[in-house]
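Given next are the chains, with one letter for each unit.
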Amino acid sequence: MPDQAPVSPASRSRGPGGRRGAPGRRRGPAGLGPLPWIAPAVLLIFAVVIWPIVELIRTSFLNISIAGVVRGSAGFDKYSKLFDDSSFAGVLIWTVVWTLVVVSATMLISLALAQLFNQRFPGRRIARWALIAPWAASVLMTAVGFKWMLNQTAGVLNTLMLDLGLIDHSKDWLGTPGTAWPWMMVVAVFVSLPFTTYTLLAGLQTIPEDVYEAARIDGAGSWQTYTGITLPMLRPAFLVGVVINLINVFNSFPIIWAMTRGGPGSDTATTTVFMFQLKETDIAESAAMSVVNFGMVVVLVLVFLKVSGWNKEEDA
Amino acid sequence: MTTATATKPEAPSRPRRLPPPKRKFRPRTLVIAACAWLLAAVFLAPYLEMIVTALRPSDELRDRTYLPSDFEWMNFIDVWKESALADNLRVTLLVAGGATLLVLLVSLPAAYYTARMKYRGRKAFLLLVLVTQMFQPTALLVGLYRQFHQLDMLNSVWTLILTNAAFNLAFAVWILTAYIGSIPVQLEEAAMVDGLNRFGAMTRVTLPLALPGVVTAVIFTFITSWNEFVMGLTLMTEADKQPLTVGINNFIGNYTVQWNYLFAASVVAIVPVIILFAFIERHVVSGLTAGSVK
């Protein structure tokens, strides 16, 4: 199983291997090898990250009452219950749509933003600083802010759109899935933009100035320079941005929870929100949902490891 | 504003020949500046609206106006008296402070050793750390709940300290390993020749030089734990034990939402964090994408 991957190499790192391996290379502090130095970190990871993974998988095969009492094994019953759930298919489809739309929009807008904020202009430092606000602020509070701005009675976005003549009466945007989804996507893109833009800005700074110089001498236009030089050289930063965003957006919970609670019913739920809804009625089915969810995260992590070249030999 | 939008599409097509002029305030620079400033305003707008709402008198909450008739500064004081949010703020402070301290205690030795030594399992350790960074608490929520339920640790502030520390460990290990790794070993060796032991060399020579990394790790962990929502919502079931994010979320479950109080509390939670973040902004990207630039 793929989720075993982090477990087995890790146990090596704190096992006797470290103790035997350390001498001879360099005088280890106190001669104990890496153990006293990295054991606390490994211990914390095992207690809070690895243990819940095991617990999660175990729970998905149990019968548990609402009060939390374990009533024996359930085999694969919880999985069949989950797959037969009338909301399940819709939730899966919307999770895919949500992730793809938010990540693509984020990447495209960030490309433009990075290009813009990479230019020299007066007040660049302060303008860039404003950009980090949605990154630093709590995502939950930002989402609650948007919920308020979309409020039907007094929301400033409703007021603004009325005054601009974009709508003729104020709307309950979050009340129906058709308008709730786009707005929640807007919020998800909004909070993803700063990190992504900064990642791309860091990427832009690694492109040496003389490459542009050469292109200019060769008479390349600005669009040609962008597609021919900037984009290809931005590829590593772009890929990292894509994968980290995929993982973040896929796991995103606070935005939807704050704005619609996944409702009406599960009509605006992604898998993580659906998982939380199920937790109230049947925690084992919720665990089954989590395992499915977790499997998809593992796939994304493996993609990340591949993209970032972790399968190659370490050179440091 | 209108001129900026109107001239924007033309800007890229305007031919740019010969060496880049360093002169400021050319039309192109003005257009760029206008766009960037406009966007900056858009990014700040939701938070400015929060401040405006926080200052609204309660009887003007349903008014369709951009600004209230007068600003009710007392909201910022009343919110802590009229709601349970003061308890929530206390929990958030404890959790963010505790998690930050724990992360530092655990990640510093690990990062120091990993940066300085080659040992068996070094790569495995780094991989474990990276994978931890990728598995977010949301994905493990049910497992975390079951685990801490069995440990009888739901509603204990230690639970949130431990979990927040664990999920922020990766960032701290990355950034500290990178910083310590960039400090020449010779400096430490010279100090040891001068009579310091290794521990002394580490604390008196290396740590002060790695201070920017330490500060980044501290601020980042503090902010992430401060903003954490999902674990607080799941692992803390009693209202007065929940962190501020959850307390604010509970507010909107009420029938009539006191939006002005809600945002007064939010503003208090958000503003310091944005300012803190500005200090570490340039280092954060490298910590979050460290796994890829190995």
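About the thresholds
- Residues numbered from 1 in each chain as written.
- Chains lettered and ligands numbered in written order.
- Predicted model: local features only at pLDDT ≥ 70, side-chain atom pairs only at ≥ 80, totals over all residues.
- Helix = DSSP H or I, 4+ residues; strand = E, 2+ residues; numbered from the N terminus.
- Buried ≥ 20, exposed ≤ 12 C-beta atoms within 10 Å, placed from the backbone.
- Contact = placed C-beta atoms within 7 Å.
- Axes fitted to C-alpha atoms, helices over the stretch in contact; angles between N-to-C directions.
- Parallel < 35°, antiparallel > 145°, perpendicular 65-115°, else oblique.
- Nonpolar A, V, L, I, M, F, W, Y, C, P; charged D, E, K, R; others polar.
- Expected span 1.5 Å × (residues − 1).
- Bend = angle between axes of the 7 residues up to and from the residue.
- pLDDT = per-residue confidence, 0-100.
- Pairing = 2+ DSSP bridges.
- Left-handed = near helix turned anticlockwise from the far one by under 90°.
- Domains from an automatic or database assignment.
- Core = buried A, V, L, I, M, F, W, Y, C linked by C-beta atoms within 7 Å.

Some words on the overall build of chain A
Thinking step 1. Scanning chain A from terminus to terminus reveals 15 helices and 2 strands.
Thinking step 2. In chain A, buried positions account for 45% of the 316 residues.
Thinking step 3. Put simply, of all contacts in chain A between residues at least 6 apart along the chain, 65% involve residues at least 24 apart.

Details of the overall build of chain B
Thinking step 1. Looking only at helices and strands, chain B features 14 helices and 0 strands.
Thinking step 2. What you see in chain B, going N to C, is helices and strands ordered as α-α-α-α-α-α-α-α-α-α-α-α-α-α.
Thinking step 3. Expressed as a percentage of its 294 residues, the buried residues of chain B come to 48%.
Thinking step 4. For chain B, the proportion of contacts with a sequence separation of at least 24, taken over those separated by at least 6, is 76%.

Quick notes on the packing of helix 12 (residues 222-251) of chain A against helix 15 (residues 283-307) of chain A
Residues and elements named next belong to chain A.
Thinking step 1. Between helix 12 and helix 15, whose axes approach to 10 Å, the crossing angle comes to 170 degrees. By the angle class used here, helix 12 and helix 15 are roughly antiparallel. Here helix 12 contributes Leu239, Val243, Leu246, Ile247, Phe250 and Asn251 to the contact with helix 15, which in turn contributes Met296, Val297, Leu300, Val303, Phe304 and Val307.
Thinking step 2. Tallied by class, residues from the contact of helix 12 with helix 15 come to 11 nonpolar, 1 polar and no charged.

Let's talk about helix 5 (residues 85-116) of chain B
Thinking step 1. Taking 1.5 Å per residue as the helical rise, helix 5 of chain B with its 32 residues ought to reach 46 Å, and the 45 Å between its terminal C-alpha atoms agrees with that figure.
Thinking step 2. Along helix 5 of chain B, the helix axis deviates most sharply at B:Ser107, where the bend reaches about 30 degrees; the proline B:Pro109 sits within four residues downstream.

Quick notes on the confidence of the model for chain B
Residues and elements named next belong to chain B.
Thinking step 1. Taken residue by residue, chain B gives an average pLDDT of 83. The fraction at 70 or more is 89%.
Thinking step 2. Note on residues 1-16: pLDDT under 50 across the span, and 13 contacts to partners over four residues away in sequence or across chains.
Thinking step 3. Quick note on the complex model: pTM equals 0.84, ipTM equals 0.83.

Observations concerning the environment of B:Val173
Thinking step 1. Inspection of the secondary structure puts B:Val173 in helix 8 (residues 157-181).
Thinking step 2. Placed 61 residues apart in sequence, B:Val173 and B:Tyr112 show a C-alpha to C-alpha distance of 9.0 Å.

Re the pairing of strand 2 (residues 70-73) of chain A
All names here are of chain A.
Thinking step 1. Relative to strand 2, strand 1 (residues 62-64) is paired through 2 bridges, and the arrangement is antiparallel. Bridging from a neighbouring strand, Ile64 pairs with Val70 of strand 2.
Thinking step 2. The hairpin formed by strand 1 and strand 2 contains 5 residues between the paired strands, and Gly68 there has a positive phi angle of roughly 100 degrees.

Concerning helix 13 (residues 244-251) of chain B
Thinking step 1. Most of helix 13 of chain B sits out of view: 7 of its 8 residues are buried.
Thinking step 2. Within the span of helix 13 of chain B, buried status applies to B:Leu244, B:Thr245, B:Val246, B:Gly247, B:Ile248, B:Asn249 and B:Phe251.
Thinking step 3. Looking at the buried side of helix 13 of chain B, the elements it contacts are helix 8 (139-149) and helix 13 (254-259) of chain A together with helix 5, helix 11 (211-227), helix 12 (230-235) and helix 14 (259-288) of chain B.

Digging into the packing of helix 3 (residues 35-59) of chain A against helix 8 of chain B
Thinking step 1. With their axes 9 Å apart at the nearest point, helix 3 of chain A and helix 8 of chain B run at an angle of 130 degrees to one another. Relative to helix 8 of chain B, helix 3 of chain A is oriented oblique. Crossing angle aside, the handedness with which helix 3 of chain A passes helix 8 of chain B is left-handed. Here A:Ala41, A:Leu44, A:Ile45, A:Val48 and A:Val49 of helix 3 of chain A lie close against helix 8 of chain B, whose contacting residues are B:Leu162, B:Thr163, B:Ala165, B:Ala166, B:Leu169 and B:Val173.
Thinking step 2. The residue makeup of the contact of helix 3 of chain A with helix 8 of chain B, split by class, is 10 nonpolar, 1 polar and no charged.

Structural notes on unusual backbone geometry
Thinking step 1. Phi at A:Arg261 is positive, roughly 60 degrees, even though this residue is not glycine.
Thinking step 2. As for its placement among the helices and strands, A:Arg261 is situated in the loop between helix 13 and helix 14 (271-281).
Thinking step 3. Its 18 C-beta neighbours within 10 Å are what place A:Arg261 among the partly exposed residues.
Thinking step 4. One non-glycine residue, B:Asn155, lies in positive phi territory at about 70 degrees.
Thinking step 5. Its location among the elements puts B:Asn155 in the loop between helix 7 (137-150) and helix 8.

Points about the domain arrangement of chain A
All names here are of chain A.
Thinking step 1. As far as domains go, chain A holds domain 1 (2-59) and domain 2 (86-307).
Thinking step 2. If you look at the interface, domain 1 gives 5 residues, while domain 2 gives 8 residues.
Thinking step 3. Partitioned by chemical class, the residues of the side of domain 1 that touches domain 2 number 3 nonpolar, 1 polar and 1 charged.

Here we look at the domain arrangement of chain B
Residues and elements named next belong to chain B.
Thinking step 1. Partitioning chain B into domains gives domain 1 (2-77) and domain 2 (84-292).
Thinking step 2. At the interface, 10 residues of domain 1 touch 8 residues of domain 2.
Thinking step 3. Listing elements by their share of the side of domain 1 that touches domain 2, those giving two or more residues are helix 3 (27-54) and helix 4 (75-82).
Thinking step 4. A per-element tally of the side of domain 1 that touches domain 2 places helix 3 first, with 5 residues.
Thinking step 5. For the side of domain 1 that touches domain 2, a count of residues per class yields 6 nonpolar, 3 polar and 1 charged.

With respect to the interface of chain B and chain A
Thinking step 1. Contacts between the two partners involve 82 residues from chain B, matched on the other side by 89 residues from chain A.
Thinking step 2. The biggest single contributor to the side of chain B that touches chain A is helix 3 of chain B, with 14 residues.
Thinking step 3. Partitioned by chemical class, the residues of the side of chain B that touches chain A number 52 nonpolar, 18 polar and 12 charged.

A look at the nonpolar core
Thinking step 1. Core analysis: the largest hydrophobic core is formed by 182 residues, its most contacted members being A:Ile45, B:Leu169, B:Val173 and B:Leu176.
Thinking step 2. The leading source of residues in this core is helix 8 of chain B, at 16 residues.
Thinking step 3. Each residue touching B:Leu176, except ones within four places of it in the same chain, is listed here: B:Ser107, B:Leu108, B:Ala111, B:Ala210, B:Gly213, B:Val214 and B:Ala217.

Digging into the environment of A:Lys147
Thinking step 1. Mapped onto the fold, A:Lys147 is located in helix 8.
Thinking step 2. For A:Lys147 and A:Leu174, which are 27 residues apart along the polypeptide, the C-alpha to C-alpha distance reads 7.9 Å.
Thinking step 3. Setting aside anything within four residues of it in sequence, one finds A:Lys147 in contact with A:Leu174, A:Ala258, A:Met259 and B:Ile252.

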